[in-house]
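What follows is each chain in one-letter form.
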Amino acid sequence: MNIFTQIKLKFGTALFKNSAWGIVANVLQNILLSVFFIVLARQYSTEDFAQYIIANTVYSFIVGFSTLGLGHWFIRELINTDDKPALIDKFFKMQLYVGVIFYVLNILMANMLYESPLVRSLSVIIGINVIFDNLIYVIKYINIANEQQRKSFTLLTIEASLKCIVAGSLLFYPIPILYLSVILIALRLITLNMFVRFGSSNLVSLQKIIKARVNWKEIRGIIVSNWSFIIIGSISVIYWRIGSILVSKKLTLEDVAHYEVSFKLLSMAYILPVIVSSSIYPILLKAYKEDLDKMKSIYHKAFIAFALYGLLAYTFIYAYADWLIPLLFGEKYLATPQFCKEMFLVMLVFPTVFLQANVLITLKLEKLDMVCNAASLVLNVLLCLIGFQFEQSLTVVNIAIFISFFAFHLIQDVVLVRKKIVSFRQVFLFYLISALIVLNFHYLCNKWNPFFYKRKTINSSLLNQ
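The structure presented is a predicted model; accordingly, all values stated were derived computationally and were not measured.

> Describe the overall build of the chain, listing the residues and the values that go with them.
A tally of helices and strands in the chain yields 18 helices and zero strands. Of the contacts made within the chain by residues no fewer than 6 positions apart, 82% connect residues no fewer than 24 positions apart. Counting every atom, the chain has about 23,700 Å² of accessible surface; 68% of that belongs to carbon and sulfur.

> I'd like a description of the environment of L135, backed by residues and values.
Summarising the element assignment, L135 is placed in helix α6 (residues 128–145). In this structure, the C-alpha to C-alpha distance between L135 and Q95, residues 40 residues apart in sequence, is 6.3 Å. When residues no more than four places from it in sequence are discounted, the contact partners of L135 are F92, L96 and L192.

> Give me the pattern of salt bridges: which residues, what numbers.
Taken as a whole, this structure holds three salt bridges when the rule is applied. Among the salt bridges present, the one from R188 reaches D133, with a minimum N-O distance of 2.2 Å. Of the two residues, R188 sits in helix α8 (residues 177–198) while D133 sits in helix α6, which places them 55 residues apart along the sequence. In this pair, the class of R188 matches that of D133, namely buried. As a salt-bridge pair, D322 and K341 come within 2.7 Å of each other at their nearest N and O atoms.

> How would you sum up the nonpolar core? Please name residues and give values.
L40, Y44, Y52, F74, F91 and L180 are the most contacted members of the largest nonpolar core, which totals 57 residues. When residues of this core are assigned to their parent elements, the largest contribution, ten residues, is made by α6. Ranked by size, the runner-up nonpolar core spans 41 residues in total, among them L251, L266, V396 and A400.

> Tell me about the packing of aromatic side chains, and please be specific about residues and values.
Within this structure, the stated rule accounts for 13 aromatic pairs. Plain terms: the ring middles of F350 and F405 are 5.5 Å apart, the flat faces sit at 70° to each other, and that makes the pair edge-to-face. Of this pair, F350 sits in helix α15 (residues 350–362) while F405 sits in helix α17 (residues 394–418); the two residues are 55 residues apart in sequence, bridging distant segments of the chain. Here the aromatic residues Y299, F303, F402, F406, F430 and Y431 are joined through ring pairs into a cluster of three or more.

> Talk me through the confidence of the model for the chain; I want residue IDs and the actual numbers.
Per-residue confidence for the chain gives a mean pLDDT of 77, with 76% of residues at or over 70. Scored below 50 in pLDDT, residues 451–465 shows zero contacts in the model against residues more than four places distant or in partner chains.

> Got a sec to walk through the side chain of K296? Specific residues and values, please.
Assignment of secondary structure puts K296 in helix α13 (residues 292–329). Nearest to the buried, unbridged K296 among oppositely charged side chains is D293, at 4.1 Å. In this structure, K296 is in contact with K420 and I421, ignoring residues within four places of it in sequence.

> Quick one: what's the story with the environment of V276, residue by residue and with numbers?
Relative to the elements of secondary structure, V276 occurs in helix α12 (residues 253–290). For the pair V276 and F306, spaced 30 residues apart in the sequence, the C-alpha separation amounts to 9.1 Å.

> Go over the packing of α15 against α17 with me, naming the residues and quoting the values.
Packing of α15 against α17 brings their axes to within 10 Å, and their N-to-C directions diverge by 40°. In this view, α15 runs oblique relative to α17, as classed from their interaxial angle. Regarding α15 and α17, the two cross each other, and that crossing is left-handed. On the side of α15, the interface is formed by F350, T352, V353, Q356, A357, V359 and L360, while α17 contributes F405, F408, H409, Q412, D413, V415 and L416. When its residues are assigned to classes, the contact of α15 with α17 shows nine nonpolar, four polar and one charged.

> Break down helix α16 (residues 366–390) for me, citing the residues and quoting the values.
Helix length check: α16 (25 residues) gives 37 Å between terminal C-alpha atoms against 36 Å at 1.5 Å per residue, within 8%. If you check which residues of α16 are buried, you get E366, D369, M370, C372, N373, S376, L377, N380, C384, G387 and F388.

> So what's going on with unusual backbone geometry? Residues and values would help.
Look at K364: it is not a glycine, yet its phi comes out positive at around 60°. Assignment of secondary structure puts K364 in the loop between α15 and α16. K364 gets classed as exposed once you look at its relative accessible area, which sits at 55%. Positive phi outside glycine occurs at K420, with the angle close to 65°. Tracing the chain through its elements places K420 in the loop between α17 and α18 (424–464). Given the relative accessible area of 65%, K420 is considered exposed.

> Kindly report on the packing of helix α4 (residues 84–113) against helix α5 (residues 117–126), identifying the contributing residues and their values.
Where α4 meets α5, the closest approach of the two axes is 9 Å, and the angle between their N-to-C directions is 170°. If you check the angle between α4 and α5, you find them roughly antiparallel. Across the interface between the two elements, Y103, N106, I107, A110 and N111 of α4 pack against R120, S123 and V124 of α5. In the contact of α4 with α5, the residues fall into four nonpolar, three polar and one charged.

> I'd love a proper account of the environment of L308, names of residues and values included.
Relative to the elements of secondary structure, L308 occurs in helix α13. L308 gets classed as partly exposed once you look at its relative accessible area, which sits at 48%. Taking the C-alpha atoms as reference points, L308 and P351, separated by 43 residues in sequence, lie 9.3 Å from one another.

Conventions used here
Throughout, residues of each chain are indexed from 1 in the direction in which the sequence is written. Totals for whole chains, interfaces and linings use all residues, but because this is a predicted model, local features are given only for residues with pLDDT of at least 70 and pairs of side-chain atoms are given and counted only at 80 or more. Side-chain measures here rest on the full set of heavy atoms in the structure, leaving out hydrogens and waters. Elements are defined by DSSP. Helices are runs of H or I of four residues or more, strands are runs of E of two residues or more, and each kind is numbered from the N terminus. Whether two residues are in contact is decided by their heavy atoms: any pair within 4.5 Å suffices. To be clear on the numbers: accessible area is Shrake-Rupley with a 1.4 Å probe, and residue cover counts the displayed protein chains and nothing else. By definition here, a salt bridge exists when the distance from a side-chain nitrogen of Lys or Arg to a carboxyl oxygen of Asp or Glu is within 4 Å. Exposure classes here rest on a 1.4 Å probe applied to the protein chains alone. A residue is buried below 20% of its type maximum, exposed above 50%, and partly exposed in between. For our purposes a nonpolar core is just a set of buried Ala, Val, Leu, Ile, Met, Phe, Trp, Tyr and Cys residues, chained together by side-chain atoms within 4.5 Å. Put simply, two rings from Phe, Tyr or Trp (the six-membered ring, in Trp's case) pair if the centres are within 6.5 Å, and we call them stacked under 30 degrees between planes, edge-to-face over 60, tilted for the rest. Each residue carries a pLDDT score, the predictor's own confidence in it, on a scale running from 0 to 100. Counting rule for charge: Lys and Arg are taken as positive, Asp and Glu as negative, and neither His nor the chain ends is counted. Lines fitted to C-alpha atoms define the axes, with helix axes restricted to the stretch in contact, and inter-axis angles between N-to-C directions lie between 0 and 180 degrees. Working definition: roughly parallel below 35 degrees, roughly antiparallel above 145 degrees, roughly perpendicular at 65 to 115 degrees, and oblique for all remaining angles. By convention, the crossing between two helices is left-handed when the near helix turns anticlockwise from the far helix through less than a right angle, and right-handed when the turn is clockwise. Gly counts as polar in this scheme, as do all residues outside two lists: the nonpolar Ala, Val, Leu, Ile, Met, Phe, Trp, Tyr, Cys and Pro, and the charged Asp, Glu, Lys and Arg. Multiplying 1.5 Å by the residue count of a helix minus one yields the expected span of that helix.

Set out below in structure tokens:
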């Protein structure tokens with residue numbers, strides 16, 4: 001067995017383990033957290049629960065910016081540096097400083113937007129998560145760089161289980177929403193402690209972090225030299241929120257419901273390529289450090305898998321959305337499947353866009369990736385605003401999302417062809433094969449769906465008789 005085969009087998013095993021852990025853990029976390037929120041919604045008054053959700057929404061928005069999107073930069077530096085402990089200590093302390101600043105911004109934002117004393121009080125408590133999340137963020141990216149994501153996934157699943165236990169206690173003993181928030185912060189502190197003790201591969205020491213010296217000039221230097229990562233991270237937060245904002249401002253509340261249900265399913269579908277992509281990024285970095293051809297080989301194989309997954313996700317929703325959505329969400333969402341199918345068009349390119357973005361960052365083209373992200377966001381908004389001039393429909397938003405990501409993909413293709421990572425022939429075949437599969441699948445569905453619909457109607461009639 002030659003060296004290249006050994007490396008390939010090692011990368012493949014690591015990728016499978018990390019991705020499998022990520023997928024299983026995310027499924028468990030989604031189930032546990034769904035149970036947690038269902039219990040809260042049932043046990044608290046609508047007013048208390050709504051204000052808790054508002055405080056969480058403010059925190060979720062702030063935390064999307066608080067890490068400054070420096071995760072990819074940190075992985076790249078961690079893999080290439082010879083003094084890993086010093087880099088980790090500095091990055092850890094920097095995230096602590098930045099977390100405190102954004103915690104203050106969280107409080108200010110809540111006070112500016114809402115007059116409710118409860119929302120403001122909850123924001124003070126829940127906002128502490130911004131600091132904790134920034135510190136956990138460092139350890140999560142250490143594990144990604146070391147291909148040990150299972151540690152992060154395990155600890156986050158334990159935290160979700162503890163939240164469910166706390167929620168379960170509400171069934172027997174009522175706890176005011178403010179006290180509940182304090183208990184949840186305590187659980188988050190326990191999670192942070194577990195990350196430091198068990199999830200950091202012994203690379204993090206609170207004593208060393210406290211002693212580590214990071215001045216504001218150094219932090220500013222890192223931010224200025226890596227501002228493109230910050231922009232990319234910010235755009236990714238804004239991109240998926242802009243759709244719901246436009247729908248709520250331009251369309252009806254019914255359209256908002258259709259959009260949110262469709263996006264919920266989409267977010268469940270795209271989590272798999274996001275997890276796998278985060279696992280493959282350090283592998284691409286290490287392969288590129290050794291030899292460009294090795295990196296290209298890994299990328300090409302991953303691209304086929306990502307493209308196939310996107311096709312499967314889209315065709316599944318196209319075939320089964322009419323049956324699946326009313327089953328999950330009720331008969332009042334009978335009109336949603338059509339909009340969900342439109343939104344899922346983006347899955348034809350989204351997985352490979354995410355993979356190709358990691359390749360661009362591996363090639364140290366993060367500024368170009370930032371420009372692509374910004375262009376995609378601007379195109380999305382412009383297409384929505386122009387489309388609404390002709391038709392007030394959710395279809396406008398869905399098609400704008402697809403076109404903006406398609407344009408993003410095309411720009412990436414041009415760059416990768418010029419960098420000789422892929423050939424024009426490979427790019428052309430991807431679009432041709434994808435189009436042929438989708439068009440033929442549409443034809444078969446349109447041909448066979450009426451038959452199954454008639455059968456279902458006949459069977460229902462016989463049962464009623």
